[in-house]
Amino acid sequence: MSDLANLEARYGAENYAPLPVTIVRGEGIYLWDEAGRRYVDMMGAYSAVSFGHCHPRLVKALIEQAQRLDTISRAYFSDRLGPFLAKACALTGFDAALPMNSGAEAVETALKAARKWAYKVKGVPSDRAEIIAADGNFHGRTISIVGFSSVAQYRDGFGPFPLGFKLVPFGDASALAAAITPNTAAFLVEPIQGEGGINVPPPVYLAEVARICRANNVLLLCDEIQSGLGRTGRLLACQHEGVVPDGLMLGKALGGGLLPVSLFLARRELMQVFTPGDHGSTFGGNPIAAAVGLAALDTLIDERLVEHAATVGAHLLGRLSSIKNPIIREVRGCGLFAGVELHRNRANADTVVRRLLQAGVLTKDTHRNTIRFAPPLIIDESQIDWAVNRLTEVLEETAASTVQA
Ligand SMILES: *Cc1c(COP(=O)(O)O)cnc(C)c1O
């Protein structure tokens with residue numbers, strides 16, 4: 001390990017297991033290590049750097065705002081927050097948006113909104129509201145959120161957990177219908193599960209889910225923190241099925257890769273359950289976050305990145321699907337959001353990811369022995385080809401060494 005990696009390991013908590021590379025610079029789809037070696041970033045910071053690293057327009061927005069006005073808290077109006085929220089609502093079609101910082105905070109906001117709506121509007125008896133989520137979900141790391149994770153490690157040692165959550169299988173709309181009771185406030189779902197392994201549900205699943213929620217007066221809350229803002233080739237992944245949820249969470253790419261910026265968006269009837277003092281965040285919606293978030297949304301539209309992600313995403317999936325190698329179990333994805341699942345008994349995704357690092361491609365494995373690909377949306381077809389060629393070689397190497405072993 002390098003000195004810097006050792007320093008991080010020596011003084012940090014061991015809640016991550018980074019790959020053995022220390023990154024010192026980034027530009028566009030590229031990252032450089034301390035030895036000056038260049039890598040293609042096929043991971044995109046778990047989808048937080050959709051615009052590429054250090055996008056000049058976003059950096060400019062950040063610097064200019066930082067030189068003019070920093071944090072003022074929400075005790076006052078700012079000249080930045082209104083335009084940011086208005087743009088987010090105009091693009092997504094929602095009436096109102098509540099700014100937070102991390103994705104987990106936006107999800108917590110959605111959960112609080114849904115519960116309060118259940119008591120104040122739907123008429124659920126006090127403290128009886130239920131929220132249904134999906135197996136394999138990832139919505140963040142707070143205690144209430146990991147309390148309904150189906151990943152044992154995320155929960156182990158962190159209980160007791162809040163009550164009022166239950167899980168149904170992802171991709172099974174009838175299981176949702178069967179789980180709904182008169183006390184159900186909401187169904188919380190990722191249109192495509194990211195951390196769970198880039199799991200794409202069967203066609204019309206989300207449309208079915210939306211119909212079931214509406215028929216039962218249950219809110220549909222879509223967590224698009226990872227799948228949103230062009231990642232899947234549509235502005236929102238739920239638009240592939242023409243679904244308009246009652247509540248939406250955005251984060252990750254919304255901060256342009258520069259800052260944590262998240263939003264909970266909703267129709268006015270839902271958002272109005274919040275009254276002054278109910279909920280908040282010191283830094284949520286601060287002028288710098290708002291300036292960067294607005295610049296990120298403008299950049300997404302001006303650079304036509306959603307359309308671009310659809311085109312080059314189809315190319316990526318086409319290239320990944322045509323790799324012929326017996327260690328691949330399945331290729332899944334949509335737009336620039338792809339997972340290559342390996343047969344568990346034939347290869348380890350972590351080993352492949354380490355070999356890819358040596359070949360100059362950065363990515364990371366996720367659940368279900370899957371290698372994820374979520375590059376910046378600005379990537380072009382020749383850059384994708386280069387990365388997929390490296391993957392093809394590494395998979396061949398891995399398959400050969402597995403046979404010998
Ligand atoms: C990353 C992620 C979150 C949590 O975001 P943080 O900013 O890490 O708190 C929530 N939901 C989904 C779908 C995510 O991918």
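Conventions used here
Residues numbered from 1 in each chain as written. Predicted model: local features only at pLDDT ≥ 70, side-chain atom pairs only at ≥ 80, totals over all residues. Heavy atoms only, no water. Pairing = 2+ DSSP bridges. Helix = DSSP H or I, 4+ residues; strand = E, 2+ residues; numbered from the N terminus. Axes fitted to C-alpha atoms, helices over the stretch in contact; angles between N-to-C directions. Contact = heavy atoms within 4.5 Å. Domains from an automatic or database assignment. Buried area = accessible area lost by both parts, 1.4 Å probe. Salt bridge = Lys/Arg side-chain N within 4 Å of Asp/Glu carboxyl O. Polar contact = N/O pair within 3.5 Å; in protein donor to acceptor, adjacent residues only side chain to side chain. 1 Å grid on protein atoms, 1.4 Å probe; cavity = no way out; pocket = protein on both sides within 12 Å on 5 of 7 lines; lining within 4 Å. Points joined across faces, edges and corners; volume = space filled by probe spheres on them. Expected span 1.5 Å × (residues − 1). Buried < 20%, exposed > 50% of the residue type's maximum accessible area, 1.4 Å probe, protein only. Near = heavy atom within 4 Å. Areas by Shrake-Rupley, 256 points an atom, 1.4 Å probe, with all protein chains shown as cover. Nonpolar A, V, L, I, M, F, W, Y, C, P; charged D, E, K, R; others polar. Parallel < 35°, antiparallel > 145°, perpendicular 65-115°, else oblique. Left-handed = near helix turned anticlockwise from the far one by under 90°.

**Side note on the sheet that holds strand β10 (residues 262–266)**
Part 1 of the argument: One open sheet holds the 7 strands; their spatial order is β4-β10-β9-β8-β7-β5-β6, and the pairing between them is mixed. Only two strands of the sheet have a single partner each, and these edge strands are β4 (96–100) and β6 (165–168). Going across the sheet, the axis of each strand differs from the next one's by a mean of 20 degrees, ignoring polarity.
Part 2 of the argument: Of the pairings in the sheet, the one linking strand β8 (residues 219–223) to strand β9 (residues 247–250) comprises 3 bridges and is parallel in character. Paired with Asp 223 across the strands is Met 249, a residue of β9.
Part 3 of the argument: Against the sheet, helix α9 (residues 205–215) contacts β7 (184–189) and β8, and its axis sits at roughly 170 degrees relative to β7.

**Quick look at the environment of Arg 268**
Part 1 of the argument: One can find Arg 268 in helix α10 (residues 268–271).
Part 2 of the argument: In this structure, Arg 268 is in contact with Asp 95 and Ala 96, ignoring residues within four places of it in sequence.

**Digging into the domain arrangement of the protein**
Think of interface size as the accessible area that goes away when the parts come together; that is how it is often given.
Part 1 of the argument: Domain annotation for the protein reports domain 1 (3–54 + 305–404) and domain 2 (56–302).
Part 2 of the argument: If you average the C-alpha positions of domain 1 and of domain 2, the two centres end up 26 Å apart.
Part 3 of the argument: Listed per partner, the contact involves 28 residues of domain 1 and 30 residues of domain 2.
Part 4 of the argument: Summed over both sides, the interface between domain 1 and domain 2 buries roughly 2,400 Å², with carbon and sulfur atoms accounting for 62% of that surface.
Part 5 of the argument: When the buried area of domain 1 at its contact with domain 2 is split by residue, Phe 51, Val 306 and Phe 337 rank highest and sum to 30% of it.
Part 6 of the argument: At the boundary of domain 1 and domain 2, one finds 1 salt bridge.
Part 7 of the argument: Remark: the boundary between domain 1 and domain 2 carries 14 residue pairs in polar contact (both at pLDDT 80 or more).
Part 8 of the argument: Going through the elements one at a time, α2 (44–47), α12 (305–321), β11 (328–333), β12 (338–342) and β15 (370–373) are the ones with two or more residues in the side of domain 1 that touches domain 2.

**What to know about the layout of surface pockets**
Part 1 of the argument: Approximately 600 Å³ is the volume found for the second largest pocket.
Part 2 of the argument: In terms of lining, the second largest pocket is formed by 29 residues, of which the most central are Arg 74, Leu 81, Ala 97, Leu 98 and Pro 99.
Part 3 of the argument: Looking at the lining of the second largest pocket, the elements with two or more residues in it are α4 (81–92), β4 and α10.
Part 4 of the argument: A total of 5 residues in the lining of the second largest pocket trace back to one element, the largest contributor, which is β4.

**Thoughts on α12**
Part 1 of the argument: Its 17 residues place the ends of α12 23 Å apart at the C-alpha level, agreeing with the 24 Å of an ideal helix rising 1.5 Å per residue.
Part 2 of the argument: All of the buried residues along α12 are Leu 305, Val 306, Ala 309, Val 312, Gly 313, Leu 316, Leu 317 and Leu 320.

**Structural notes on the sheet that holds β12**
Part 1 of the argument: One open sheet accounts for 4 strands, arranged β11-β12-β15-β14; its pairing is antiparallel. The open sheet is flanked by β11 and β14 (364–366), the only strands paired with a single partner. Sheet twist, expressed as the average angle between the axes of neighbouring strands with direction ignored, equals 30 degrees.
Part 2 of the argument: Sheet topology places β12 next to β15; 4 bridges connect them, and they run antiparallel. Following the sheet pairing, Gly 339 is matched in β15 by Arg 372.

**Examining the site of the ligand**
Part 1 of the argument: Near the ligand the following residues occur: Ser 102, Gly 103, Ala 104, Phe 138, His 139, Gly 140, Glu 190, Asp 223, Ile 225, Gln 226 and Lys 252.
Part 2 of the argument: Between Gly 103 and the ligand, the recorded distance is 2.8 Å, taken from a backbone N or O atom to an oxygen atom.
Part 3 of the argument: One nitrogen or oxygen atom from the side chain of Asp 223 is found 2.6 Å from a nitrogen atom belonging to the ligand.
Part 4 of the argument: Protein chains shield 81% of the accessible area of the ligand, which is 390 Å² for the free molecule.
Part 5 of the argument: Here the shell around the ligand is composed, by residue class, of 3 nonpolar, 5 polar and 3 charged.

**Thoughts on the packing of helix α3 (residues 56–68) against helix α11 (residues 287–302)**
Part 1 of the argument: One can describe the packing of α3 onto α11 by two numbers: an axis separation of 9 Å at closest approach and a directional angle of 155 degrees. One way to sum up the angle between α3 and α11 is to call them roughly antiparallel. The crossing of α3 and α11 is right-handed. Facing Arg 57, Leu 58, Ala 61, Leu 62, Gln 65 and Ala 66 of α3, the residues of α11 in contact are Pro 287, Ile 288, Ala 291, Val 292, Ala 295, Ala 296, Asp 298, Thr 299 and Asp 302.

**A look at the pattern of salt bridges**
Part 1 of the argument: Scanning the entire structure with this criterion turns up 23 salt bridges.
Part 2 of the argument: For the salt bridge of Glu 130 with Lys 166, the shortest nitrogen-to-oxygen distance reads 3.6 Å. Of this pair, Glu 130 sits in strand β5 (residues 130–134) while Lys 166 sits in strand β6, placing them 36 residues apart in sequence.
Part 3 of the argument: Overall, Lys 166 belongs to the partly exposed group, its relative accessible area being 28%.
Part 4 of the argument: Between Glu 393 and Arg 390 there is a salt bridge; the shortest N-O distance is 2.9 Å. Here the residue Glu 393 and the residue Arg 390 both occupy positions in helix α14 (residues 381–404), the gap between them amounting to 3 residues, near one helical turn.
Part 5 of the argument: Owing to a relative accessible area of 16%, Arg 390 belongs among the buried residues under this scheme.

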